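# Structural description and commentary
What follows is the residue order along each chain.
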Amino acid sequence: MILLRRFMGLIAMMLFLMVAPSCNLHIFDYEGDCEVTHSIRFVYDMNLKWADAFPSEVKSVNLYVFDSDGVFLKEYMAAGEELSRPDFRIQLDLAPKKTYRFLAWCGLENENAGYESFKVVQPVAGITSIEEIFCLLESQGTTENGEEISDRRLLFLYHGYLEKYLEDNNDGTHYDYTINLTKDTNHIRVMLQQTTGSLSAEDFEFSLTAQNGNLSWDNQPAGDTKIEYRPWNIETDILGVGNSGGEIMEYYGVLADLNSSRLMASKVNDIYLTVRKKDTGKLLFKVPIIQYSLTEKSYYEKAYGYDMTDQEFLDRQDEYTMTFFLDENLQWIYAVIEILQWRVVIHNYENQN
């Protein structure tokens, strides 16, 4: 009888192990418990190297969480050295079996800069909707025409969005989700060179005008406020060396560094770079910045065998160098547009005719 009871007990234990949830086996094997966990990682490979630059570029993360109806629930924040670790994740403490909308603005906080370039008004849990979330450019005044002025270097800003259903099960699985980022800030370096002599930075005014200072939750320019971007750096420097009668001559040109928020392909005829003579206000030239930038797209499509829309190219590229060569009357003759290693020469046929 004792042997029979032992045999029946063994049979019962085997049946229990066969039907018990797998997480009990995990407990038995000291591998974990039944808790299902979720995390979010961030990737910034929307660039012309197709490589993840998140660990080296991004300095802060603000992750806003909304329910499936777009009502704000909570915010996660991270900044500093932890972002540079390849295993950086934001661990979520959200209820599973629900759909959430995740909105990321990265680069809002920059501890070592001493200032911030963009801000998001703090949403209220249970009240603020995702459509009410805007990322706003911090301007430094207004022009006589009421345009906002931005003349400080824009600190890098990135946007990401993900809508995801959080899974659940009985075996303690960890789910890892990815938010892909788009860089919204652009650096435009303008160089002026004269073919017959030298130029001085004190003689010129540069500006870039656009309606892209404020961005909505879906990363689209919002509102009709015009921003006049002005150089945050302008200087005179040696840009050329020539030979005149056996004597080596150094020619000075002008360097101007400007920034802009996100460039939109749909605004190809609306964003212009303007250069004027400072003492007279005379317009030297006004060129469509987006149209000129897109002249580089075909090279990268051929080089990498990858077709892009105009908007994807503008999102992947964030550094532009534009050199304008002027004649003795300060009329520009031709321009050289450089993006990474590729150069395009654009002639001012209107001026030549």
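Just so you know, the residues in each chain are numbered from 1, in the order the chain's sequence is written. pLDDT decides what is reported in this predicted model: residues at 70 or higher carry local features, side-chain atom pairs at 80 or more are listed and counted, and totals for whole chains, interfaces and linings draw on all residues regardless. Note: side-chain values were computed over all heavy atoms of the structure, leaving out hydrogens and water.

## Some details on the overall build of the chain
What counts, and what does not: Strands are runs of DSSP state E lasting at least 2 residues, helices are runs of H or I lasting at least 4, and numbering of each runs from the N terminus. By the convention used here, residues are in contact when the closest approach between their heavy atoms is within 4.5 Å. Working definition of accessibility: Shrake-Rupley area with a 1.4 Å probe, residue cover restricted to the visible protein chains.
Across its full length, the chain holds 7 helices and 22 strands. In the chain, 64% of the contacts between residues at least 6 apart in sequence involve partners at least 24 apart. A total accessible area of about 18,600 Å² is found for the chain, and carbon and sulfur atoms account for 50% of it.

## What about the sheet that holds strand 7 (residues 134-137)?
The pairing of strands in a sheet happens through backbone hydrogen bonds and is either parallel or antiparallel. Operational definition: Note: two strands are recorded as paired if DSSP finds a minimum of 2 bridges between them.
Read from one edge of the open sheet, 3 strands run 6-7-14, paired in antiparallel fashion. Sheet topology places strand 6 (118-120) and strand 14 (215-216) at the edges, where each strand pairs with a single neighbour. For strand 7 and strand 14, the ladder comprises 2 bridges, and the chain directions are antiparallel. Counterpart to Phe-134 in the pairing with strand 14 is Ser-216.

## Description of the packing of aromatic side chains
Which entries qualify depends on this criterion: Stacked, edge-to-face and tilted labels apply to pairs of Phe, Tyr and Trp rings (six-membered ring for Trp) whose centres lie within 6.5 Å, assigned for plane angles under 30 degrees, over 60, and everything in between, in that order. To sort residues, take the accessible area from a 1.4 Å probe on protein chains only and compare it with the maximum for the residue type: under 20% means buried, over 50% means exposed, and anything in between is partly exposed. Working rule: Lys NZ or Arg CZ, within 6 Å of ring centre, within 35 degrees of ring normal, means a charge sits over the ring.
Across all of its chains, the model carries 14 aromatic pairs by this definition. Aromatic side chains Tyr-100 and Phe-102 sit 6.3 Å apart centroid to centroid with 45° between the ring planes, which places their arrangement in the tilted category. Overall, Tyr-100 belongs to the buried group, its relative accessible area being 5%. Ring geometry for Tyr-300 against Tyr-304: centres 6.4 Å apart, planes inclined by 10°, an arrangement best described as stacked. One end of the pair is Tyr-300 and the other is Tyr-304, both in helix 5 (residues 297-304) and 4 residues apart, which spans about a single turn. Among the aromatic residues, ring-to-ring pairing joins Trp-50, Tyr-299, Tyr-300, Tyr-304, Tyr-306 and Phe-313 into one connected group. The ring of Trp-217 is capped by Arg-101, whose NZ or CZ atom sits 5.3 Å from the centre of that ring.

## With respect to unusual backbone geometry
For Trp-50, which is not glycine, the phi torsion reads 50° and is therefore positive. As for its placement among the helices and strands, Trp-50 is situated in the loop between strand 1 (37-43) and helix 3 (54-57). Since its relative accessible area comes to 28%, Trp-50 is described here as partly exposed. A positive phi angle is found at Lys-97, which is not glycine, with a value near 60°. Tracing the chain through its elements places Lys-97 in the loop between strand 4 (90-92) and strand 5 (99-106). Owing to a relative accessible area of 55%, Lys-97 belongs among the exposed residues under this scheme.

## Regarding the sheet that holds strand 2 (residues 60-67)
The 5 strands lie next to each other as 3-2-5-9-11, forming an open sheet whose pairing is antiparallel. Both edges of this open sheet fall to strand 3 (72-79) and strand 11 (182-183), since each of them pairs with a single strand only. As paired elements, strand 9 (residues 158-165) and strand 11 share 2 bridges and run antiparallel to each other. Bridge assignment links His-159 to a residue of strand 11, and that residue is Thr-182.

## Notes on the nonpolar core
This is how the line gets drawn: Among buried residues, those of type Ala, Val, Leu, Ile, Met, Phe, Trp, Tyr and Cys that are joined through side-chain atoms within 4.5 Å constitute a nonpolar core.
Trp-105, Leu-192, Phe-204, Phe-206, Phe-285 and Phe-324 are the most contacted members of the largest nonpolar core, which has 55 residues in total. Beyond its immediate sequence surroundings of up to four residues, Phe-285 is in contact with Leu-192, Leu-273, Thr-274, Val-275, Phe-324, Leu-326 and Trp-332. Counting 26 residues, the second-largest nonpolar core is a separate cluster that includes Val-58, Phe-88, Leu-94 and Leu-166.

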